[in-house]
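Results of the structural survey
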Amino acid sequence: NMLGPKVSFKNSADKSPDADPKSSAFDPIRYLLQHHKDITTTELDNGTRFLQEQCGQHTSTDIEFVKTNIDVLLSCHETLDKVNDLIAEEEARTTGGTITCPLDTVLRECDHCANTLFSHILTKKDKADRIRNALNVIERFSFLFGLPDNIDTNIARREYDIVLNDYKKAQSLFADTQVKVFKQVMNGVKGKIIAFSRDLEVRLLEPRRPLNEKKQLLKYLIEFDCASTKDPAWDYLQKQQQQVIDFMTTSKIEFDTKLLDFVSLAIIKVSRDRNSDHEEKISPLINEFVDELCDTVTQSLPDFWSLCQAYLDGSLSPEPSKPTLTHQDSVLSPPLTPRESPPPSRSL
């Protein structure tokens, strides 16, 4: 046995030996038996030398620290002694409680007095800080906060490309923002763009508008993506088709009315004079009706055909995919009446 035949435990102040190094009754033999009973003597010697080296290093470091800061350490020691003496004297004079109790009262009174004296100053400082922070935010995001006014100004100047670029930029930067103020500004901008898109749709249906301007307005509607329909170009083509059909239908109704009036008057005159000839008088009425229809077709068809071709090419379509043949024929063919049979399919 490396510890010898006899094992004796040292008692400290009649306390039983303890293996805890923090205990006042700590016994190293019990500690070794409890925690290192399977370690050899060589390993214990190595561990002892390592501990001695570590203690020597710490001791030399501590000595150097004390030598360097001896004045500070002595001053701290004297201060702690004075504080201890004051606490002892205070506790001896007072009945119950400690020195910290009146100290707490004094500190609370100081806090109340400070709040009374400086509360209005601190309130003004907080208000000034909030205003300063708000101004910094406005200056930093001046593009967004000035965007609604810039949109109105550029629309009034008909500088629609600038409006489009600014709107796209705002969408890329603040479309997914969770800041409440930014959301409110973006909602206002969205409302202005929607109103502007509705105005473009109305202007697009105005007659006598040049073809290039129609294409440009359609491209703006597609880029803004705020039109009343998902496909503004196709919607316009359908409305334009319906406008032509409605105009031709109105012309036919007016012609039928004039023709009916003419026939009624002719019947009355023929009943009075059977030798009268009214065939030549009806020819100008028919010619006027045919000329009106021809003028409508010649004015509407070229632009309508060009817009259809541009749509089928993809330049006026929100998606690059071309529509089907049935989709094309619904625009290029008039609606069928119940008595008519469907014409053969046409290819563009």
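The structure we're discussing is the one just above.
These figures come from a predicted structure and were not determined experimentally.

Cut-off values and rules
Residues numbered from 1 in each chain as written. Predicted model: local features only at pLDDT ≥ 70, side-chain atom pairs only at ≥ 80, totals over all residues. Heavy atoms only, no water. Helix = DSSP H or I, 4+ residues; strand = E, 2+ residues; numbered from the N terminus. Expected span 1.5 Å × (residues − 1). Buried < 20%, exposed > 50% of the residue type's maximum accessible area, 1.4 Å probe, protein only. Disulfide = S-S within 2.5 Å. Phe/Tyr/Trp six-rings, centres within 6.5 Å; stacked < 30°, edge-to-face > 60°. Lys NZ or Arg CZ within 6 Å of the ring centre and 35° of its normal. Salt bridge = Lys/Arg side-chain N within 4 Å of Asp/Glu carboxyl O. Core = buried A, V, L, I, M, F, W, Y, C linked by side-chain atoms within 4.5 Å. Contact = heavy atoms within 4.5 Å. Patch = residues over 30% accessible without salt bridge, like charges linked within 9 Å, V, L, I, M, F, W, Y side chains within 5 Å. Areas by Shrake-Rupley, 256 points an atom, 1.4 Å probe, with all protein chains shown as cover.

Side chains three or four residues apart in an α-helix point the same way, a direct result of the helix having 3.6 residues per turn. Compared with an ideal rise of 1.5 Å per residue, which puts 25 residues at 36 Å, helix H8 (residues 180-204) spans 36 Å between its outermost C-alpha atoms and is within 8% of the ideal. Within H8, the full set of buried residues consists of Phe182, Val185, Met186, Val189, Ile193, Phe196, Ser197, Leu200, Glu201, Arg203 and Leu204.

Enumeration according to the criterion identifies zero disulfides in this entry. Cys110 provides the cysteine sulfur closest to Cys113, a residue in no disulfide bond, and the two sulfurs are 7.3 Å apart. For Cys113, a relative accessible area of 42% corresponds to the partly exposed category.

Let's shift gears to the packing of aromatic side chains. Here the structure, examined in full by the defined rule, presents eleven aromatic pairs. With a centroid separation of 5.0 Å and 50 degrees between ring planes, the pair formed by Tyr160 and Phe196 is classed as tilted. With a gap of 36 residues between them, Tyr160 in helix H7 (residues 160-174) and Phe196 in helix H8 connect regions that are remote in the sequence. Assessed through its relative accessible area of 8%, Tyr160 is described here as buried. Taking NZ or CZ as reference, Lys169 lies 4.5 Å from the ring centre of Phe143, over its face.

Now for the pattern of salt bridges. Under the criterion given, the structure shown has ten salt bridges. In this structure, Asp129 engages Arg132 in a salt bridge whose closest nitrogen and oxygen atoms are separated by 2.7 Å. Here Arg132 and Asp129 lie together in helix H4 (residues 100-140), a separation of three residues that amounts to about one turn. Residue class for Arg132 comes out partly exposed when judged on its relative accessible area of 46%. A salt bridge links Asp235 to Lys239, with the nearest nitrogen and oxygen atoms 3.2 Å apart.

Core analysis: the largest hydrophobic core is formed by 36 residues, its most contacted members being Ile193, Leu218, Phe224 and Leu237. Every element with two or more residues in this core is listed here: helix H6 (147-156), H7, H8, helix H9 (211-224), helix H10 (232-272) and helix H11 (279-313). At eight residues, H8 tops the list of elements feeding residues into this core. Among all residues touching Leu218, those that are not within four sequence positions of it are Leu204, Pro232, Ala233, Tyr236, Leu307 and Leu316.

Here Ser197 lies in helix H8. With relative accessibility at 0%, the residue Ser197 sits in the buried group. In contact with Ser197, not counting residues within four places along its chain, are Leu221, Phe224, Cys226 and Ala227.

A cluster of nonpolar side chains, contributed by Phe65, Val66, Ile70, Leu73 and Leu74, occupies part of the molecular surface with about 420 Å² of accessible area. Contributing elements (two or more residues each) for the nonpolar patch: helix H2 (41-68) and helix H3 (70-93). Examining the composition of the nonpolar patch, we find that three residues originate from one element, H3, more than from any other. By the element assignment, Ile70 lies in helix H3.

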